[in-house]
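As a plain string of letters, each chain reads:
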Amino acid sequence: MPESNQSTFRVFSNFLVKRKYELLLLGLVQHLFVGIFVLDFDFYVRTLWPVNMVILAVLASGLFLDTKHWVNRLKIPLFASVILFPIGLPFFGEIPGYFIALSVTYILFYLVLFIQVFRYMIRPSYINIDLITSAICGFLLLVEIFVFVAYFLIHLEPQSFANVDLTNPPSTYTDLVYYCSITLTTIGYGDISPITHQAKLITSFFGITGQFYQVLLVGVLISKFTNRSGSDG
């Protein structure tokens, strides 16, 4: 690689590492909520979803560039999989088990990101912008994880949840983002509800996890603020 290209790559890599939580937050927000602005579902499936995942994978790569953690071994195959699955959707989406494999891969992908974010959250003894943005990323990653857990259930049993639009993948994804968000935040409007035994238990786990994360986050922030106040004194 020419020296100028190496220099550009180093600058870009350093930027990804330095701003990794802000960039990850941007990637998660655009992935979860881009549907606000896009009503063409065919365009979403064929173009926007693959582009979204490329953007998210690039923005999330900063979590791994400065660490030698064992999870780095999963980075390339996992990132490649989450990009290739939506690209293959128009061609292989009708194959039995395709969406199940997609859901499992995405659950693993977001779980790996959540572990990386959570490891950082409990590490520093002070509050800064990285801690705040990583905490928000952690919550959005939980939403993503549970969306694809629910997606997995739906493709095992389509009637797992009442009032989820199953006519096309973007509609289903949008309904599940909404459902998992209001469940984790314990708002619970009740317009979408679990029906099957498994869906009810998973939803219970959604709510408990959301409450536990919020309580844990408050404890972490108070602890770090107390440590900072003590050191200032």
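Here, residues in each chain are numbered from 1, in the same order as that chain's written sequence. Only residues with pLDDT of at least 70 get local features here, since the model is predicted, and only at 80 or more are side-chain atom pairs given and counted; chain-wide, interface and lining totals rely on the full set of residues. Side-chain measures were taken over the full set of non-hydrogen atoms in the model, leaving aside hydrogen atoms and water.

A look at the pattern of salt bridges
In the sections that follow, a salt bridge refers to a side-chain nitrogen of Lys or Arg positioned within 4 Å of a carboxyl oxygen of Asp or Glu. Applying the stated criterion to the full structure yields two salt bridges. With a shortest N-O distance of 3.6 Å, Glu 22 and Arg 19 are connected by a salt bridge. Assessed through its relative accessible area of 22%, Glu 22 is described here as partly exposed. Partly exposed residues are those whose accessible area sits between 20% and 50% of the maximum for their type, while under 20% is buried and over 50% is exposed, using a 1.4 Å probe and protein chains only.

Some points on empty space enclosed by the protein
Buried and open spaces are told apart on a 1 Å grid over the protein atoms alone, a cavity being a set of points where a 1.4 Å probe fits but cannot get out and a pocket being an open set with protein on both sides within 12 Å along at least five of seven lines. Residues with an atom within 4 Å of a point are the lining residues. Grid points are joined across faces, edges and corners, and a volume is the space filled by probe spheres set on the points. Throughout the structure, instances matching the rule amount to one cavity of 30 Å³ or more. The computed volume of the largest cavity comes to approximately 40 Å³. Along the walls of the largest cavity sit His 31, Tyr 44, Trp 49, Phe 148, Tyr 151, Pro 169, Pro 170 and Tyr 173, which together make up its complete lining. Of all elements in the fold, only helix H3 (41-60), helix H7 (129-156) and helix H8 (169-184) reach the threshold of two or more residues within the lining of the largest cavity. Asp, Glu, Lys and Arg are counted as charged, while Ala, Val, Leu, Ile, Met, Phe, Trp, Tyr, Cys and Pro are counted as nonpolar; the rest, among them Gly, fall into the polar class. Of the residues assigned to the lining of the largest cavity, the class counts are seven nonpolar, one polar and no charged. Only DSSP runs of H or I reaching four residues or more are called helices, and only runs of E reaching two or more are called strands; each is numbered from the N terminus.

What to know about the confidence of the model for the protein chain
Low-confidence regions, as indicated by low pLDDT, have predicted coordinates that should not be scrutinised in detail. Looking at the protein chain as a whole, its pLDDT mean stands at 85, while 89% of the residues score no less than 70. Note: pLDDT gives the predictor's confidence per residue, expressed from 0 to 100. Taken element by element, the predicted model of the protein chain shows its lowest mean pLDDT in helix H1 (residues 3-18) (76) and its highest in strand E1 (residues 161-162) (96).

Some points on a nonpolar patch on the surface
A contiguous nonpolar surface patch, about 330 Å² in accessible area, is contributed by Phe 12, Phe 15, Val 54 and Val 58. When residues of the nonpolar patch are traced back to their parent elements, those giving at least two are H1 and H3. Topologically, Val 54 is positioned in helix H3. Surface patches are drawn from residues lacking salt bridges whose relative accessible area is over 30%; two like charges belong together within 9 Å, two nonpolar side chains (Val, Leu, Ile, Met, Phe, Trp, Tyr) within 5 Å. Accessible surface area values rest on a Shrake-Rupley calculation with a 1.4 Å probe, where residue burial reflects the displayed protein chains alone.

Description of the environment of Lys 18
Here Lys 18 lies in helix H1. When its relative accessible area of 58% is taken as the criterion, Lys 18 is described as exposed. For the pair formed by Lys 18 and Gly 62, sequence separation is 44 residues and the distance between their alpha carbons is 7.8 Å.

Some points on the side chain of Thr 133
Position of Thr 133 relative to the elements: it lies in helix H7. Under this definition, polar contacts are N or O atom pairs within 3.5 Å; protein pairs additionally need one hydrogen-donor-capable and one acceptor-capable atom, and for neighbouring residues in sequence, both atoms have to be side-chain atoms. A polar atom in the side chain of Thr 133 sits 2.9 Å from the backbone oxygen of Ile 129. When checking whether two residues touch, look at their non-hydrogen atoms; a contact exists if any pair is within 4.5 Å. Once residues lying within four places of it in the same chain are set aside, the contact partners of Thr 133 are Tyr 21, Glu 22 and Leu 25.

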